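Residue strings, one per chain:
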Amino acid sequence: MTGAASPKRLELVPARAVPRRLEDLPAPRALPWLGNLHQLDAKRLHAQLEAWAAKLGSSYTFKFGSRPVFVTADVDIALSALRDRPGRFRRLATIEPVTAEMGVNGLFSVEGDAWRQQRNIVARALAPHQLESFFPTLQAITDRLRRRWQQSADAATEANILDDLTRFTVDTTATLVFGKDINTLESDGDVIQRHIGVIFPKINSRVSAFLPYWRFFKLPSDRKLDQSLDAVRAFAEDMIRHARERMLRSHGEAPRNILEVMLALRDAPESGFSDDDVYANIMTLLLAGEDTTAYSIAWAMHILGTDRDLQVRLHKAALDALGDARIPRTFADAAKLGLFEGAAFEAMRLRPVAPLLTLQAKEDVELGGIAIPRGTPVFLLTRPAALDDSNYQHAREFRPERWVGRREGGRDGHNARAFMQFGAGPRFCPGRYLATLEMKMVLAMLFRSFCIEHVDDPESTKEIFAFTMMPHRLRMRFRAIA
Ligand code: HEM
């Protein structure tokens, strides 16, 4: 029989799902012209977006002025977008001009061919096998931090945790990447971290600003930024001078660190790599390597400061791994610090320094059954999936052993895809091996020799979003363990 198809027959033809449009997604109530701008505070952006996800569901939109922004906390959708780079997604397009005018448009913010070239250099230099030869230096820097904390314990004074930890991470990055030990841990002067600390929040507020007012007039905070950029540029120029002198003395020896690789590339004919690119990448590595790692350790300390039993367990684990030593003695010792790595990962999961990854669609694209028009900002929330019991058993509990091997009683079969603290896809964090090593070295050193407690009510420590999520008002003190 021909003619009109029966309804049964029609069901056999797979229906092509029509993608949902952004307008079909849930959205918080918006005002005309302003959209949801009146509800957004750059310092609490992550918290507002997470609150909307809890209320509206994992994928929704909000309005930045009249412009829709797509937000998702769905792991599959987030991973599809992160992996589709540099193909159909890029970083949020406001990031590149903001970093370029500050002179810090390096690997994190560049796009296209420039990204490929820079990625290669940085990823090779930060690969795990490079870290073994760097280990003795990291060990020495960790011991300086231990001595600083010992002084604080001896004096029974409150420690300035964030300051100490950023000194530690900047000393580490500068020595590994630029070959210069700046030893801010043992100096008390006007250290470079103070200036770096000005730049990150300013990138954050400018990237999310409704109008680029600073191109027309400057507020006191913009003038302060300019001073910090000048100070950091002088610091970088000093690094470059130092590296050039060494290269001259070494008569064509292979480059010893990332800065020397970049300078050699800068000098190669037609490399297209300029002085500005060298400077921008020095800055990028200092910025990317400082707050992220320091704040992740600080969040771990914040959480552990309220859990005496876990501190005792970590002390025992440190004694097992280190014996009489106060810090890991060899690279192989560091491999035995699984529980400390687990503690760092739990802190990153519960208190993510990267709660929000911001991308933009380069063309019209369908993502998770949703039609995303070209140019739409795509915001990925990393925490909701990490707190979901379907991804982690008892997801809201701090359980370092869930990250260690089964033999040590760990591995709860969690969904590793739901951990997006280092991003994913071709642009995942190239510093994650270094960061992981730094975090476990510091935590093992800490719990081998000290116990820690909060000076204030831990609830008074607040999350502040300044490109990375920092603990505000973290006040702690140390007690030495014999
Ligand atoms: C706990 C510490 C750290 C965290 C949580 C972290 C997190 C991230 C995240 C989420 C991204 C974006 C990834 C993506 O778009 O898929 C990123 C990129 C990056 N990170 Fe890290 N990071 C950390 C430490 C470091 C360190 C120590 C360095 C280097 C010294 C570093 C250098 C970079 C660079 C250069 C990029 C840009 C990569 C690219 O766009 O190709 N990070 N990081």
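Residues numbered from 1 in each chain as written. Predicted model: local features only at pLDDT ≥ 70, side-chain atom pairs only at ≥ 80, totals over all residues. Heavy atoms only, no water.

Colleague: What am I meant to see in the pairing of strand E6 (residues 356-361) here?
Modeller: Along any regular strand the residues' side chains alternate between the sheet's two faces. In terms of burial, E6 is a largely internal element, six of the six residues being buried. Across the two faces of E6 the burial is the same, with Leu356, Thr358 and Gln360 and Leu357, Leu359 and Ala361 all buried. Two strands pair when backbone bridges link them, and strand E4 (residues 89-91) and E6 are joined in this way by three bridges, in the antiparallel orientation. Across the sheet, the residue bridging to Arg90 is Gln360, located in E6. Judged from the five bridges that link them, E6 and strand E9 (residues 377-381) form a sheet pairing that is antiparallel. Each residue of the ladder has a partner; that of Gln360, found in E9, is Pro377. (Buried < 20%, exposed > 50% of the residue type's maximum accessible area, 1.4 Å probe, protein only. Helix = DSSP H or I, 4+ residues; strand = E, 2+ residues; numbered from the N terminus. Pairing = 2+ DSSP bridges.)

Colleague: Even after reading the chapter, I still don't get the environment of Val122, so can you show me in this structure?
Modeller: The residue Val122 is located in helix H5 (residues 112-125) in this model. When its relative accessible area of 1% is taken as the criterion, Val122 is described as buried. Placed 232 residues apart in sequence, Val122 and Ala354 show a C-alpha to C-alpha distance of 20 Å. Excluding anything up to four places from it in sequence, Val122 contacts Leu107, Leu285 and Pro430. (Contact = heavy atoms within 4.5 Å.)

Colleague: Can you walk me through the coordination of the iron atom of the ligand in this structure?
Modeller: Tetrahedral coordination by four donors places them ideally at 109.5 degrees to one another around the metal; octahedral coordination by six donors ideally gives 90 or 180 degrees. Exactly one donor from the protein chain reaches the iron atom of the ligand: Cys429 (SG), at 2.3 Å. Checked against the element boundaries, Cys429 lands in the loop between helix H15 (383-386) and helix H16 (432-449). (Donors = N, O, S within 2.8 Å, 3.2 Å for Na, K, Ca; no water.)

Colleague: I'm lost on the packing of aromatic side chains in this one. Help?
Modeller: Both the distance between ring centres and the angle between the ring planes are used here to describe each pair of aromatic rings. For the coordinates displayed, the defined rule picks out 17 aromatic pairs. When the centroid spacing of 5.4 Å and the interplanar angle of 90 degrees are considered together, the rings of Tyr213 and Trp214 count as edge-to-face. When its relative accessible area of 21% is taken as the criterion, Tyr213 is described as partly exposed. What makes Trp214 buried here is its relative accessible area of 7%. Through successive ring pairs, a cluster of aromatic residues spans Phe345, Tyr392, Trp403, Phe419 and Phe422. Between Arg91 and the ring centre of Phe108, over which it is positioned, the NZ or CZ distance is 3.9 Å. For the cation-ring pair, Arg233 lies above Tyr279, with the distance from its terminal atom to the ring centre recorded as 3.8 Å. (Phe/Tyr/Trp six-rings, centres within 6.5 Å; stacked < 30°, edge-to-face > 60°. Lys NZ or Arg CZ within 6 Å of the ring centre and 35° of its normal.)

Colleague: I tried to follow the nonpolar core on my own but got confused; where do I start?
Modeller: The nonpolar side chains of soluble globular proteins are, as a tendency, buried together. Ranked by size, the top nonpolar core spans 152 residues in total, and within it Trp149, Leu165, Leu259, Met301 and Phe478 carry the most contacts. Counting residues per element, this core draws most heavily on helix H11 (residues 275-304), at 16 residues. For Met301, the contacting residues outside a window of four places in its chain are Trp149, Ile161, Leu165, Leu446, Ile452, His454, Met476 and Phe478. (Core = buried A, V, L, I, M, F, W, Y, C linked by side-chain atoms within 4.5 Å.)

Colleague: I tried to follow the sheet that holds strand E8 (residues 370-372) on my own but got confused; where do I start?
Modeller: Backbone hydrogen bonds hold the strands of a sheet together, and the pairing may be parallel or antiparallel. Strand order in this open sheet of three strands is E1-E8-E7, and the pairing throughout is mixed. Among the strands making up the open sheet, the edge pair consists of strand E1 (20-21) and strand E7 (365-367). Across two bridges, the pairing between E1 and E8 is parallel. Among the inter-strand pairings, Arg20 is bridged to a residue of E8, identified as Ile370.

Colleague: Explain helix H3 (residues 75-83) to me, please; I cannot follow it from the model alone.
Modeller: In an α-helix there are 3.6 residues to a turn, and that puts residues three or four apart on one side. When H3 is considered as a whole, its buried residues turn out to be Val75, Ile77, Ala78, Leu79, Ala81 and Leu82. Between the side-chain oxygen of the N-cap and the backbone nitrogen of Asp76 there are 2.9 Å, and the N-cap of H3 in question is Asp74. (Polar contact = N/O pair within 3.5 Å; in protein donor to acceptor, adjacent residues only side chain to side chain.)

Colleague: Where do I start with the site of the ligand in this structure?
Modeller: Taken together, 29 residues lie near the ligand, and Arg85, Arg91, Trp115, Arg119 and Cys429 sit nearest. Between the ligand and Arg119, the relevant distance is 2.8 Å, taken from an oxygen atom to a side-chain nitrogen or oxygen of the residue. Contributions of two or more residues to the shell around the ligand are made by H5, H11 and H16. For the shell around the ligand, the class distribution of residues is 17 nonpolar, eight polar and four charged. (Near = heavy atom within 4 Å. Nonpolar A, V, L, I, M, F, W, Y, C, P; charged D, E, K, R; others polar.)

Colleague: Where do I start with the pattern of salt bridges in this structure?
Modeller: Tallying each qualifying case throughout the model produces 41 salt bridges. Close ionic contact of Asp275 with Arg266 constitutes a salt bridge, the shortest N to O distance being 2.6 Å. Glu453 is paired through a salt bridge with Arg308; the nearest N and O atoms lie 3.7 Å apart. With a gap of 145 residues between them, Glu453 in strand E10 (residues 450-454) and Arg308 in helix H12 (residues 308-322) connect regions that are remote in the sequence. Ionic contacts of the salt-bridge type, sharing partners, join the residues Asp143, Arg144, Arg146, Arg147, Asp181 and Glu186 into one network. (Salt bridge = Lys/Arg side-chain N within 4 Å of Asp/Glu carboxyl O.)

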